[in-house]
Amino acid sequence: MDKIFDQLEGLVEHYEELQELMSDPEVISDTPRYLKISKEAAEMQEIVTAFKKYQQLKSDIAESKEVLTENNDPELIELAKDDLAAMEPQLAEVENQIKLLMVPKDPNDDKNIIMEIRGAAGGDEASLFAGDLLNMYERYAERQNWNFEIIDETKTEVGGFKEVAVMISGKNVYSKLKFENGAHRVQRVPQTESAGRVHTSTATVAVMPEYDEVDLEIDPKDIRVDVYRSSGAGGQHINKTSSAVRMTHLPTGIVVAMQDQRSQQQNREKAMQILRSRVYDYYESQNQDEYAAERKSAVGTGDRSERIRTYNYPQNRVTDHRIGLSLNKLDKIMNGQLDEIIDALILSDQTQKLEQIQNGETKLY
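In this text the structure is predicted, and so the values were computed from the model without any measurement.

Before going further, it helps to spend a moment on the packing of helix H3 (residues 31-70) against helix H4 (residues 74-102). Between H3 and H4, the least distance of the axes is 8 Å, while the angle of their chain directions is 155 degrees. Considering their axes alone, H3 and H4 lie roughly antiparallel with respect to each other. Where H3 crosses over H4, the two elements pack in a sense that is left-handed.

Turning our eyes to something else, we now look at a negative patch on the surface. Taken together, the side chains of Glu9, Glu13, Glu17 and Glu20 make up a negatively charged region of the molecular surface. Here glutamate 20 is to be found in helix H1 (residues 2-22).

The next point concerns the sheet that holds strand E7 (residues 244-249). The strand order E6-E7-E8 describes an open sheet built from three strands, whose pairing is antiparallel. The outermost strands of the open sheet, each flanked by one partner alone, are strand E6 (223-228) and strand E8 (254-258). Within the sheet, the average angular offset between the axes of one strand and its neighbour, ignoring direction, is 15 degrees. Bridging between E6 and E7 involves six bridges; their strand directions are antiparallel. Directly across from tyrosine 228, in E7, lies its bridge partner alanine 244.

Inspection of every chain in the model, using the stated rule, returns eleven salt bridges. Between arginine 188 and glutamate 125 there is a salt bridge, with the nearest N and O atoms lying 2.4 Å from each other. You can see arginine 188 sitting in strand E4 (residues 182-188) and its partner glutamate 125 sitting in helix H5 (residues 124-143), a full 63 residues away along the chain. For arginine 188, a relative accessible area of 10% corresponds to the buried category. Across the pair aspartate 132 and arginine 188 runs a salt bridge, and its minimum N-O distance is 2.8 Å. Taken together, the residues aspartate 132 in helix H5 and arginine 188 in strand E4 connect sequence positions 56 residues apart. One network of salt bridges, with partners in common, ties together Glu180, Arg309, Asp320 and Arg322.

Moving on to unusual backbone geometry. At asparagine 145, a position not held by glycine, the phi torsion is positive, near 60 degrees. Mapped onto the secondary structure, asparagine 145 falls in the loop between H5 and strand E2 (147-155). Phi at asparagine 172 is positive, roughly 55 degrees, even though this residue is not glycine. Tracing the backbone shows asparagine 172 in the loop between strand E3 (161-169) and helix H6 (173-177). Of the residues examined, asparagine 172 reaches a relative accessible area of 30% and is grouped as partly exposed.

Cut-offs and rules
Residues numbered from 1 in each chain as written. Predicted model: local features only at pLDDT ≥ 70, side-chain atom pairs only at ≥ 80, totals over all residues. Heavy atoms only, no water. Axes fitted to C-alpha atoms, helices over the stretch in contact; angles between N-to-C directions. Helix = DSSP H or I, 4+ residues; strand = E, 2+ residues; numbered from the N terminus. Parallel < 35°, antiparallel > 145°, perpendicular 65-115°, else oblique. Left-handed = near helix turned anticlockwise from the far one by under 90°. Patch = residues over 30% accessible without salt bridge, like charges linked within 9 Å, V, L, I, M, F, W, Y side chains within 5 Å. Areas by Shrake-Rupley, 256 points an atom, 1.4 Å probe, with all protein chains shown as cover. Salt bridge = Lys/Arg side-chain N within 4 Å of Asp/Glu carboxyl O. Lys, Arg positive; Asp, Glu negative; His and termini not counted. Charge placed at Lys NZ, Arg CZ, Asp CG, Glu CD. Pairing = 2+ DSSP bridges. Buried < 20%, exposed > 50% of the residue type's maximum accessible area, 1.4 Å probe, protein only.

Written out as structure tokens, the structure reads:
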């Protein structure tokens, strides 16, 4: 922790400088500058307070130990022992608090997400597995009291999904589901297999934070919008009006088609939400080298071609390959009980980021 605390001492000095600036009449009169400084100070306040408490506890513990070694008064020695018994657990608790506070926060953690699930290798069985993953995430969302809305889907004849897009909104959605990004592999006997042989199929999951216009501004001139009649069931209203919308982002070639909403305006809104997230995701992927130091972690690079997890039905086992975690609880996990896996992924990510700080690879501020 020595390197970390060296950084923290510098952080405290910077925080105190900010406090002085906030008292400077010249800064106070410059509203944009004052707001910027006060925001930075507010973000640092919790960790600075925790570190000062840590320093005070260390000092008090040192004093109590000095009493034990340099004093012969039984009453003082007993008091010092009581103080140490109370303070040492507090010190460990504050140290752990500091470690968590020091892990850099992902600015997208509190965002809602758009999740896209696609059947990949394995034909009909892959599409059925995509449907199983959809149900798993829907049940997990229910447990988290999140809102889960299917916004686009392409079903297969066997009842699975070639692809399905959902919007999940609520508290800390992205922070908990961002590590689901990647290829999910299933090993089981397909419903369509009469010989009872275990097959391996895959489905891919893409998790994208939902961005609004403030986060990502797309020039309207870069978007081509086509409207057309919705296909499939929907009744007289859909057959007679061009309510379906296809949006093309010309610089990237990304296309979003939306026909599931009742009106053209609703389809436009949903298509724009998906397009904005896909475009941001595209540009972030294009700059992968630039972002590599931040994005690459113990839980994987987020590359969708990376096989992140295997669901083995015959052995009722789920294995997350990024952290080497295997749980013989596949039935519970497919029922939405994902907390044990997600908590382990978050902890692994935090641990790796903390190691980067300790090794001087990442600065606090």
